[in-house]
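# Chains, contacts and geometry: an overview
The primary structure of each chain is shown beneath.
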Amino acid sequence: MATTINNTTAGITTTVDSTGVLSIQTAGLTAQTLGTDQSTTFSGTANLASTGSTTAPLKFTAGTNLTTQQAGVVEYDGTNFYGTVDTTTGRGSIPVLNQFKLLAAGTGITATATGTNYFGTTSNIPLVASAFYEIEVVFYYTVTTTNIRNFAFTFNAAPTSYDVYWEMSPAPGGLVAPPGTATMLIGQAYNSTATTTTVTTASLTTGTNHHARLRLPYLRCAAGTTSLSIYAYTSTSGTITPGIGSYWIARRLPATNIGTYAA
Amino acid sequence: MATTINATTNNTLYYTPDNTGILDLQTGGSTAQSIGTDQSTTFANTVQLAVGTSSIAPLDFLAKPNTTTSITGSCEYDANTFYGTIGTTLGRGAIPVFNEFKLIAAGTTVTTTIGNYFGTTSNIPLVASAFYEIEIILYFLKTTAGTVTWTLTNSAAPISQDIYYEMSPFTGIVAPPGTATMLKGQVYNDTTAAYAFSTGTNLSSAANHYARFKIFLDNGSGTSLKIQATCSAGSITPGIGSRWSARKLPAINNSNYSA
């Protein structure tokens, strides 16, 4: 037998029916239903709080993904957020992009030491040990003094494996306005386990802008791999000035293939 | 007058005293939830979702039409795509969900018989009449010089597909800073069920090679897209880090646009 608490004047009804489902109605319509499985179903918009610097409007607690994928759900397993747009497509990861960008030209790098951060102090990429990542780094920079430049991508500890895609504007000349040129340089490295990958350019023309893009489409960290530093340095003289709009993006990938796949 | 249930010192459930029909749930003397006459619920603090289990998802959107006017801060789901609106100038945008597959160890060799690059049950499921953006990144070892034919096998002819393709030189990958001899090509508005092409020139033996596809797919009745290869001689060994990602796109352009 249902138990009902009413405020008929206000149009509010709270009902627990014989199945144990609690329903809350406003204006004569169900606003919330609390099921016997402790789930809450909202009929109208759920307006999340305008929270402050110490609380978030929405918080997931890491759990286990559904055994059977279900359309419309969002999940979190402590590694990634997942969404299922439909059951044919299956579960996919919702990308969360960690990033850093330069809103103004950086400080000219004059050091010939290998450990000078391209993006400045405390600007590098933190990594979770044994996790998988996709990383992209985009460089726009100016050089003074025609000379060789070096870019070094240094892990604190050697990863298990990573693949590299690198492209850069022509050397020595620098940027070519669109539609561009067929002389862009592009290179790859496969299944590297090196702690540092260094890219050494040809001598770059002074006073010109240059572009480069590094992509690690696949990075598998080892148990001790917890950071990736992006360094630049000159070979003998001159500077590299990091340009506005240089940025990096890092996206942590799911550890396993968790979707639905066709034969 | 408020109706109070289970009142203790600081825990009350009460109806608003002005009889406007708003139900407030209070804890600690303050409103935690306010349920309006439009059935919306407004939370005053963090909504902490349940720990997901193998049978219970922490958050489940019920499919519905999107709001006519996009609302800043809202997330929506129309049974096809999740959407978010970060501001009314940009309007509604799709929240990307990437279905993906990656090799964390070298795969099974593909020889002179056409086969799946990523292995058994590794291909892309498709929804009929849906739109996709697909990226395929391949690092592989060629054994015995020969050509490689790539085949994108849709289970039915697509309505249209645009393909961007790039690959390392025939001699294999070149360490950064690289070379200016990468090959790039495009296909526009193709409707072939099994689009295939050969590298044309032999790929060098015992060298690692790279290839990448970027595809816009307007799918027809197809239910899967297979990523397949065959060699004129020898084999290819799919390499660690080879991966594909597929993102289902909204069916229509449903953001804000400027003139």
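Keep in mind that what you see is a predicted model, and the values were worked out from it rather than measured.

### Regarding the overall build of chain A
- Helix and strand counts for chain A stand at zero helices and 21 strands.
- For 263 residues, the compact-globule formula gives about 18 Å, and the C-alpha radius of gyration of chain A, at 27 Å, lies well above that figure.
- Each of the three principal axes of chain A carries a C-alpha extent, and together these read 85 × 45 × 40 Å.
- Each of the 263 residues in chain A was classed as buried or not, and the buried ones make up 35%.
- Considering only intrachain contacts with a sequence separation of at least 6, the fraction spanning at least 24 residues in chain A is 70%.

### Some points on the overall build of chain B
- The helix and strand inventory of chain B stands at zero helices and 22 strands.
- The C-alpha radius of gyration of chain B comes to 27 Å, more than 25% above the 18 Å expected for a compact globule of 259 residues.
- The dimensions of chain B, computed from C-alpha atoms along their principal axes, are 85 × 40 × 35 Å.
- Taken across its 259 residues, chain B has 34% of its residues classed as buried.
- A separation threshold of at least 6 residues defines the contact pool for chain B, and within that pool the share at least 24 residues apart is 71%.

### Re the interface of chain B and chain A
- At the junction of the two partners, chain B supplies 77 residues and chain A supplies 77 residues.
- Per-element accounting of the side of chain B that touches chain A gives the leading share, five residues, to strand E11 (residues 98–102) of chain B.
- Of the residues belonging to the side of chain B that touches chain A, the class tally is 38 nonpolar, 32 polar and seven charged.
- Here strand E6 (residues 46–47) of chain A pairs with strand E5 (residues 41–43) of chain B via two bridges, running parallel. Opposite A:Asn47, over in E5(B), you have B:Thr42 as the bridge partner.

### Here's the deal with the environment of B:Ser155
Residue and element names in this part refer to chain B.
- Mapping Ser 155 onto the fold places it in the loop between strand E15 (148–154) and strand E16 (160–167).
- On the neighbour-count criterion, Ser 155 (19 C-beta atoms within 10 Å) is partly exposed.
- Taking C-alpha positions, Ser 155 is 8.1 Å from Ala 194, a pair spaced 39 residues apart along the chain.
- Apart from residues no more than four positions distant in its own chain, Ser 155 is found in contact with Gly 222, Thr 223 and Ser 224.

### Thoughts on the domain arrangement of chain A
- Split into domains, chain A comes out as domain 1 (1–44), domain 2 (59–94) and domain 3 (97–253).
- Here the C-alpha centroids of domain 1 of chain A and domain 2 of chain A sit 28 Å apart.

### Some details on the pairing of strand E10 (residues 91–94) of chain A
Residue and element names in this part refer to chain A.
- Here four bridges tie strand E9 (residues 81–84) to E10, and the two strands are oriented antiparallel to one another. Bridged to Gly 83 within E10 is Gly 92.
- Linking E9 back to E10 in an antiparallel pair, the connection comprises six residues, with Gly 90 at a positive phi of about 80 degrees.

### Considering the sheet that holds strand E12 (residues 125–126) of chain A
Residues and elements named next belong to chain A.
- Across the sheet, four strands lie side by side as E12-E19-E14-E17; this open sheet has antiparallel pairing. The open sheet is flanked by E12 and strand E17 (196–204), the only strands paired with a single partner.
- Judged from the seven bridges that link them, strand E14 (residues 147–155) and E17 form a sheet pairing that is antiparallel. Bridge pairing links Phe 153 to Thr 197 in E17.

### What about unusual backbone geometry?
- Cis geometry is found at the peptide bond from A:Ala171 to A:Pro172, where omega equals 15 degrees.
- You can see A:Pro172 is positioned in the loop between strand E15 (161–168) and strand E16 (185–192).
- Each neighbour pair has its own omega, and for B:Pro176 with B:Pro177 the value is 15 degrees, a cis peptide bond.
- Counting through the fold element by element, B:Pro177 comes out in the loop between E16 and strand E17 (183–190).
- Although it is not a glycine, A:Asn191 sits at a positive phi angle of roughly 55 degrees.
- By secondary structure assignment, the location of A:Asn191 is in strand E16.
- On the basis of neighbour counts, which here come to 18 C-beta atoms within 10 Å, the residue A:Asn191 falls in the partly exposed class.
- Here the phi dihedral of B:Asn189 falls at roughly 55 degrees; this positive angle occurs in a residue that is not glycine.
- We classify B:Asn189 as exposed; it has 10 C-beta atoms within 10 Å.

### Considerations on the nonpolar core
- Counting residues in hydrophobic clusters, the biggest one holds 78 residues, and the most contacted among them are A:Tyr133, A:Ile135, A:Leu216, A:Leu219, B:Ile134 and B:Leu138.
- Discounting chain neighbours no more than four positions away, the residues touching A:Leu219 are A:Phe132, A:Tyr133, A:Ile135, A:Pro159 and A:Tyr162.

### With respect to the sheet that holds strand E10 (residues 92–95) of chain B
Residues and elements named next belong to chain B.
- In space, the three strands of this open sheet follow the order E8-E9-E10, with antiparallel pairing throughout. A strand with exactly one partner marks an edge of an open sheet, and here the two such strands are strand E8 (75–77) and E10. In this sheet, neighbouring strand axes are inclined to one another by 35 degrees on average, regardless of whether the strands run parallel or antiparallel.
- With four bridges joining them, strand E9 (residues 82–85) and E10 adopt antiparallel strand pairing. Following the sheet pairing, Phe 82 is matched in E10 by Ile 95.

Procedures and definitions
Residues numbered from 1 in each chain as written. Chains lettered and ligands numbered in written order. Predicted model: local features only at pLDDT ≥ 70, side-chain atom pairs only at ≥ 80, totals over all residues. Helix = DSSP H or I, 4+ residues; strand = E, 2+ residues; numbered from the N terminus. Rg over C-alpha atoms; globule rule 2.2 N^0.38 Å. Buried ≥ 20, exposed ≤ 12 C-beta atoms within 10 Å, placed from the backbone. Contact = placed C-beta atoms within 7 Å. Nonpolar A, V, L, I, M, F, W, Y, C, P; charged D, E, K, R; others polar. Pairing = 2+ DSSP bridges. Domains from an automatic or database assignment. Core = buried A, V, L, I, M, F, W, Y, C linked by C-beta atoms within 7 Å. Axes fitted to C-alpha atoms, helices over the stretch in contact; angles between N-to-C directions.

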